[in-house]
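Listed here are the chains, written in short residue letters.
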Number of protein chains: 2
Amino acid sequence: MTSPSESVVRAWTRLERAHRAALATVENRLKKEGLPPLAWYDVLLELERGGAPGLRPFELQKAMLFAQYNLSRLIDRLETQGYVARTASADDGRGQMLAITAKGRAMRKKIWPVYAAAIEAAVGAHLSPSEARTLADLLAKLYAPRS
Amino acid sequence: MTSPSESVVRAWTRLERAHRAALATVENRLKKEGLPPLAWYDVLLELERGGAPGLRPFELQKAMLFAQYNLSRLIDRLETQGYVARTASADDGRGQMLAITAKGRAMRKKIWPVYAAAIEAAVGAHLSPSEARTLADLLAKLYAPRS
DNA sequence: TCCATTTATATGCAATTGCATCTAGTGTGT
DNA sequence: ACACACTAGATGCAATTGCATATAAATGGA
């Protein structure tokens, strides 16, 4: 139980502030354009990348570090809107397989330009290319599967 | 509207993931000890640092990048618990002055060891001292008052 | 095979958040 | 002093989150 150094505490505090600031920028822009919240995009992208058979909810959960009950309901909403299709898993009776629909793909594509501009405004505009790389590398260490 | 580079997008994505992971660690530990959520600590600390006359809600809001309505209600809860005292602002009829109470100070002190250990686990354990400094510096750029 | 444990996902209910808007002061220009 | 735009803060209501727990199927033994 070593106590954190001053710079670790500062890093944590700034992680919170930076995240809050950037997230607010992104969510506000999406909303202003009448688009769904960020999490929808993230799930759709993950599913699109996941490829053919689809992904299990628990895989999404691990990849995106979402709380299980939040993901469950997020999928409900995505399904209601017709962006995602749930089918029973062939090999696991408890589970399901998630697939992005054509409508879901279209929505993801539609969101991207707005999201991209927001990311640039919230993050890119503040960093040089090399700073962005360094930041990405350091942040990855905070949730690396294993240290 | 330049599009963000690949590394900027990665930095943003990882900012989200890292924040989610670290926050979950911190909040879980606080909860496990029966302590109030993180935001309470942050407000109490800010008020304690703010010193004698106290702070106006809008000052807190700017410092912590909180949404106005969230802060308003967070203060309600803190006041209900007796951790914070609201008094009418002398020089601005619309406003109020917030002060931390003795009980609030005591709670802040009580939270700190748990919070500190959580920060170390969530952040410090993953970074060298120099990495922590670099990370803190880079994150600060993302919400700098002016670029 | 049977039982206990664990894993995958859902859900009722309370607390919090977000949105939109409201009220009440402030400040400025005339 | 008046009209108007702006700032500080609160709040009703709907949506989301968090918590605790439920259900059902898989898994690992004995």
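All of these numbers come straight from a predicted model, not from anything done at the bench. (Residues numbered from 1 in each chain as written. Chains lettered and ligands numbered in written order. Predicted model: local features only at pLDDT ≥ 70, side-chain atom pairs only at ≥ 80, totals over all residues. Heavy atoms only, no water.)

Caption draft 1: Fine view of the overall build of chain A. From N to C terminus, chain A includes six helices and two strands. Going residue by residue from the N terminus, the α and β elements of chain A occur as α-α-α-α-β-β-α-α. Taken over the C-alpha atoms alone, chain A extends approximately 50 × 40 × 25 Å along its principal axes. Split into buried and exposed, the 147 residues of chain A put 46% on the buried side. Long-range contacts, defined here as pairs at least 24 residues apart, represent 54% of the contacts in chain A between residues at least 6 apart. (Helix = DSSP H or I, 4+ residues; strand = E, 2+ residues; numbered from the N terminus. Buried < 20%, exposed > 50% of the residue type's maximum accessible area, 1.4 Å probe, protein only. Contact = heavy atoms within 4.5 Å.)

Caption draft 2: Representation of the interface of chain A and chain B within the structure. Contact with chain A, which involves 55 residues of that partner, is made by 55 residues of chain B. Buried area between chain A and chain B, both sides added, is near 5,200 Å², and the carbon and sulfur share of it is 69%. Area buried by chain A at its contact with chain B is led by A:Trp12, A:Arg17 and A:Leu142, which between them contribute 14% of it. Viewed at the interface, chain B and chain A are joined by six salt bridges. Residue contributions to the side of chain A that touches chain B peak at 18 residues, all from helix H1 (residues 6-32) of chain A. (Buried area = accessible area lost by both parts, 1.4 Å probe. Salt bridge = Lys/Arg side-chain N within 4 Å of Asp/Glu carboxyl O.)

Caption draft 3: Representation of the nonpolar core in the model. Counting residues in each nonpolar core, the largest one holds 87 residues, and the members touching the most others are A:Trp12, A:Tyr115, A:Leu135, B:Trp12, B:Tyr115 and B:Leu135. Not counting the four nearest positions on each side in its chain, A:Trp12 is found in contact with B:Ala22, B:Leu23, B:Val26, B:Leu38, B:Tyr115, B:Ile119 and B:Val123. (Core = buried A, V, L, I, M, F, W, Y, C linked by side-chain atoms within 4.5 Å.)

Caption draft 4: Main features of the relation of the copies chain A and chain B. By a simple turn and slide, chain A fits onto chain B: the slide is 0.0 Å along the axis, the RMSD is 0.0 Å, and the turn is 180°. A rotation of that kind, with that shift, is consistent with a two-fold axis. Taking C-alpha positions as the reference, the residue of chain A nearest the rotation axis is A:Leu135, at 3.2 Å. (Least-squares fit on C-alpha atoms with pLDDT ≥ 70 in both.)

Caption draft 5: Seen up close, the protein's contact with DNA strand C. Not every one of the 19 residues close to DNA strand C is listed here, only the nearest: A:Lys31, A:Phe58, A:Arg94, B:Tyr69 and B:Asn70. Contact between DNA strand C and B:Arg73: a base oxygen at 3.0 Å from a side-chain N or O atom of the residue. In the model, a phosphate oxygen of DNA strand C is placed 2.9 Å from a nitrogen or oxygen of the B:Gly93 main chain. Counting residues per element, the ones that place at least two in the surface near DNA strand C are helix H3 (57-64) and helix H4 (68-80) of chain A together with helix H4 (68-80) of chain B. (Near = heavy atom within 4 Å. Polar contact = N/O pair within 3.5 Å; in protein donor to acceptor, adjacent residues only side chain to side chain.)

Caption draft 6: Geometry of helix H2 (residues 38-50) of chain A. Residue and element names in this part refer to chain A. The terminal C-alpha atoms of H2, which comprises 13 residues, lie 18 Å apart, in line with the 18 Å expected from a rise of 1.5 Å per residue. Every buried residue of H2 is listed here: Leu38, Trp40, Tyr41, Asp42, Val43, Leu44, Leu45, Glu46 and Leu47. Backbone geometry just downstream of H2 places glycine 51 in the positive-phi region, at approximately 85°. (Expected span 1.5 Å × (residues − 1).)

Caption draft 7: Here's a closer look at the protein's contact with DNA strand D. Taken together, 19 residues are adjacent to DNA strand D, and A:Tyr69, A:Asn70, B:Lys31, B:Phe58 and B:Arg94 come closest. For DNA strand D, the backbone portion of the atoms within 4 Å of the protein, that is sugar and phosphate, comes to 64%. In this structure, B:Arg86 approaches DNA strand D through a side-chain N or O atom, which is 3.3 Å from a phosphate oxygen. One nitrogen or oxygen atom from the side chain of B:Gln96 is found 3.1 Å from a phosphate oxygen belonging to DNA strand D. At the level of secondary structure, the elements contributing two or more residues to the surface near DNA strand D comprise H4 of chain A together with helix H3 (57-64) and H4 of chain B.

Caption draft 8: Fine view of the pattern of salt bridges. Counting across every chain of the model gives 19 salt bridges over all chains. As a salt-bridge pair, A:Arg17 and B:Glu46 come within 3.8 Å of each other at their nearest N and O atoms. With A:Arg17 in helix H1 and B:Glu46 in helix H2 (residues 38-50), this residue pair bridges two chains. Residue A:Arg17 is classed as buried on the basis of its relative accessible area of 10%. With a shortest N-O distance of 4.0 Å, B:Glu6 and B:Arg10 are connected by a salt bridge.

Caption draft 9: Geometry of unusual backbone geometry. Even without glycine at this site, A:Leu65 takes up a positive phi of about 60°. Structurally, the position occupied by A:Leu65 is in the loop between H3 and H4.

Caption draft 10: Representation of the packing of H2(B) against H3(B) in the model. Residue and element names in this part refer to chain B. Direction vectors running N to C along H2 and H3 enclose 115°, while the axes themselves pass 11 Å from each other. When the axes of H2 and H3 are compared, the pair comes out roughly perpendicular. Once H2 is placed against H3, the crossing between them reads as right-handed. Between H2, through Asp42, Val43, Glu46 and Leu47, and H3, the contact on the second element is made entirely by Leu60, Ala63 and Met64. For the contact of H2 with H3, a count of residues per class yields five nonpolar, no polar and two charged. (Axes fitted to C-alpha atoms, helices over the stretch in contact; angles between N-to-C directions. Parallel < 35°, antiparallel > 145°, perpendicular 65-115°, else oblique. Left-handed = near helix turned anticlockwise from the far one by under 90°. Nonpolar A, V, L, I, M, F, W, Y, C, P; charged D, E, K, R; others polar.)

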